[in-house]
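Breakdown of the fold
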Amino acid sequence: MEKILDAISREVVNAFQDNGYDGKYGKVTLSNRPDLCEYQCNGAMAAAKEYKCAPFMISDKVADSLKDNPMFEAVDSVKPGFLNLKLHPGYLAGYLQEMAEDSERLGCTKCENPRTIMIDYGGPNVAKPLHVGHLRSAIIGESVKRIGKFMGHTMIGDVHLGDWGLQMGLIITELKERKPELIYFKEDYEGEYPQEAPFTIGELEEIYPMASAKSKEDDDYKEMAMQATYELQHGRKGYQALLGHILDVSVSDLKRNYENLNVSFELWKGESDAQPFIPDMVQKMKDDGYAHISEGALVVDVKEESDTKEVPPCMILKSDGASLYNTTDLATIVWRMRDYQPDEIIYVVDKRQELYFTQVFRCARKTGLVKPETELKFLGFGTMNGKDGKPFKTREGGVMRLEYLVDEINEEMYKKITDNHTVEEEEGRKTAKMVALSAIKYGDLSNQASKDYIFDVDRFTSFEGNTGPYILYTIVRIKSILKKYQAKKSLPEMAKILPAQSQSEKALMLEISKFNSMMESAFADTAPHKVCAYIYDLSNAFNHFYHETKILAEQDEMVQAGYICLLELTRRALEICIDVLGFEAPERM
Ligand code: ARG
């Protein structure tokens, strides 16, 4: 369906042309003075220079041409030469009715050229519990993915597990200290290894931090861990079997955690999956003359003329021949291109890794790992801070485990929900979980991703203001009115959205009509915050309309049915939006 702004612009462009002016001056924008008009066109101001006349001479003529146009209720030419536009309620109602008839997509046309877009998000590290630092990547990545899917693209989410590196050697070393008798450590063993892991997730989570702490104090221990890492990476069977167990145990725990966040991945690939691609990739970089030795290390220069800050060379192999985080990310691009031929890869990672990704992207481009037209995009996010403005910590000052944070907010929400009315324990818990998730996700997504934000539990869980619970509350309110209506009557066959009868109704309709253009731009700018802004404005407009309008007490059947259609559309718009943000609304709350 055509975007409403385009439809309006088209009429205004025609009017400019009918009067002998260039159509380019007819571009319409949303009004920045909503008290005066709904849309505006400032083109006459610019056109006046070309046609050497007073701007209002042009805007007067254009306004005159538009005055009988059924799209508008009012077209005012205002000195010095602005065009102030108000939509005709009949036209607006017709536009919304067309949206409503397309109940799946509400008139938001799928993109013409669907692309394959891989999205690298989550980025958890095996054997380390998820902490709040991983929260943003999961929340933002999931939403960007869903928005892309809604627009008709093939979106492939890859969790890109951190499963390669010293942490594995540390775990193996600590395990060996504790249970040296395990078959995995027997060097000349040739047989099969047990199916069952020799540890639980609880043990694993306790082993890693302890090993990590020990390695910082004890050089010999660290040496052992490095040796174990080396042997693991060079094919020692027992260690690889252990890695398999570590992965299984860890991944099933991670999946459970992500599920609680309503986050899921198409691919569960990890850094280790990239390793087999390293030797050939490195060889090719050397053969093609891109990689050279600098201070013993193998590097690819990636600086460019126009750089204002220094971009250091991308290191491919350390002087001892070991690969790095870089190498893994580059080799990951190799298999992604080979197996999925993505048109674009988006990385949702902490913005402090921006320079690093600049190096990786340039290196991938220069050495031909991607096609010239493949887009590599870094979507860096800011830090989640506590109320003190410093990175979010537990009360004791430690790193907050994601699970505990979610539990805490679930609990808080449960208290709020059961505070002033009685609900069954089970339903209450379920509702609390849904509302809590909306609080966490909306609190994050309503900010521009690149900015830091303050995680304020009290504010995020509030039912008032720009919060997830407020949005859900609005949806639940609409659902409850619809249910009450349906309990008494069924919608007459001829029911449709009718021209607005009040200011608040029209304001609501104007908000709804922005749906398709908002979704397109949220996708184009990888900006879930635009979806949040839309549903916040929409919720406000709805609640205002609701307070001023007697819906269930309306006497005129057709008018009432028109309201119901409008409510249904509002509900649908809100629900599509929260779905792409990655949360759901309960039936009651
Ligand atoms: N595992 C990393 C971390 O915890 C994030 C991975 C980001 N993605 C990537 N392709 N490098 O910091």
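Our subject in this report is the structure included herewith. Quick caveat: nothing in here was measured; it's all calculated off a predicted structure.

**Remarks on the packing of aromatic side chains**
The full count for this structure, using the stated rule, is 27 aromatic pairs. Relative to Phe 460, the ring of Tyr 453 lies with its centre 6.1 Å away and its plane at 25 degrees, an arrangement referred to as stacked. Taking relative accessible area as the criterion, Tyr 453 reaches 3% and is therefore assigned buried. Looking at Phe 460, the relative accessible area reads 4%, which means it is buried. Here Lys 79 stacks its cationic end above the ring of Phe 56, 4.4 Å away from the centre of that ring. Stacked on the ring of Tyr 414, the Lys or Arg Arg 429 has its end atom at 3.7 Å from the ring centre.

**Remarks on the site of the ligand**
Close to the ligand lie Asp 120, Gly 123, Asn 125, His 134, His 160, Tyr 325, Asp 329, Tyr 347, Val 349, Gln 353 and Phe 357, which account for all nearby residues. Take Asp 120: an N or O atom from its side chain is 2.9 Å from a nitrogen atom of the ligand. Calculation on the ligand without its partners gives an accessible area of 350 Å², and the protein chains cover 84% of this total. Elements that contribute at least two residues to the shell around the ligand include exactly α12 (325-340) and β10 (344-350).

**Notes on the side chain of Glu 344**
Relative to the assigned elements, Glu 344 resides in strand β10. Residue Glu 344 is classed as buried on the basis of its relative accessible area of 5%. With residues near it in sequence (within four places) discarded, Glu 344 still touches Arg 115, Thr 116, Ile 117, Met 118, Thr 374, Glu 375 and Lys 377.

**Regarding the sheet that holds strand β7 (residues 291-294)**
Spatially, β7-β8-β9 is the arrangement adopted by the 3 strands of the open sheet, whose pairing is antiparallel. The open sheet has two free edges, formed respectively by β7 and β9 (314-317), since each of these has just one partner strand. Adjacent strand axes in the sheet meet at a mean angle of 45 degrees when their direction is disregarded. In this sheet, strand β8 (residues 297-300) lies alongside β7 in antiparallel orientation, the contact comprising 4 bridges. Residue Ile 293 lies in a different strand from β8, and its bridge partner there is Leu 298. Sitting on the sheet, helix α13 (residues 354-366) is in contact with β8 and β9, with an inclination near 70 degrees to β9.

**Let's talk about empty space enclosed by the protein**
In total, this model carries 2 cavities of 30 Å³ or more according to the counting rule given. The volume enclosed by the largest cavity comes to roughly 40 Å³. Lining of the largest cavity is provided by Pro 129, Leu 130, Glu 205, Asp 253, Asn 257, Arg 401, Leu 402 and Glu 403. Among the secondary structure elements, those contributing two or more residues to the lining of the largest cavity are α9 (237-260) and α14 (402-419). Computed from the structure, the second largest cavity encloses a volume of approximately 30 Å³. Along its surface, the second largest cavity is lined by Ala 439, Tyr 442, Gly 443, Ser 446, Arg 459, Phe 460, Asn 466, Thr 467 and Gly 468. Elements supplying a minimum of two residues to the lining of the second largest cavity: α15 (425-445) and α16 (457-460). Among the elements that take part in the lining of the second largest cavity, α15 stands out by supplying 3 residues, more than any other. Looking at the lining of the second largest cavity, its residues break down into 3 nonpolar, 5 polar and 1 charged.

Conventions and cut-offs
- Residues numbered from 1 in each chain as written.
- Predicted model: local features only at pLDDT ≥ 70, side-chain atom pairs only at ≥ 80, totals over all residues.
- Heavy atoms only, no water.
- Phe/Tyr/Trp six-rings, centres within 6.5 Å; stacked < 30°, edge-to-face > 60°.
- Buried < 20%, exposed > 50% of the residue type's maximum accessible area, 1.4 Å probe, protein only.
- Lys NZ or Arg CZ within 6 Å of the ring centre and 35° of its normal.
- Near = heavy atom within 4 Å.
- Polar contact = N/O pair within 3.5 Å; in protein donor to acceptor, adjacent residues only side chain to side chain.
- Areas by Shrake-Rupley, 256 points an atom, 1.4 Å probe, with all protein chains shown as cover.
- Helix = DSSP H or I, 4+ residues; strand = E, 2+ residues; numbered from the N terminus.
- Contact = heavy atoms within 4.5 Å.
- Pairing = 2+ DSSP bridges.
- Axes fitted to C-alpha atoms, helices over the stretch in contact; angles between N-to-C directions.
- 1 Å grid on protein atoms, 1.4 Å probe; cavity = no way out; pocket = protein on both sides within 12 Å on 5 of 7 lines; lining within 4 Å.
- Points joined across faces, edges and corners; volume = space filled by probe spheres on them.
- Nonpolar A, V, L, I, M, F, W, Y, C, P; charged D, E, K, R; others polar.

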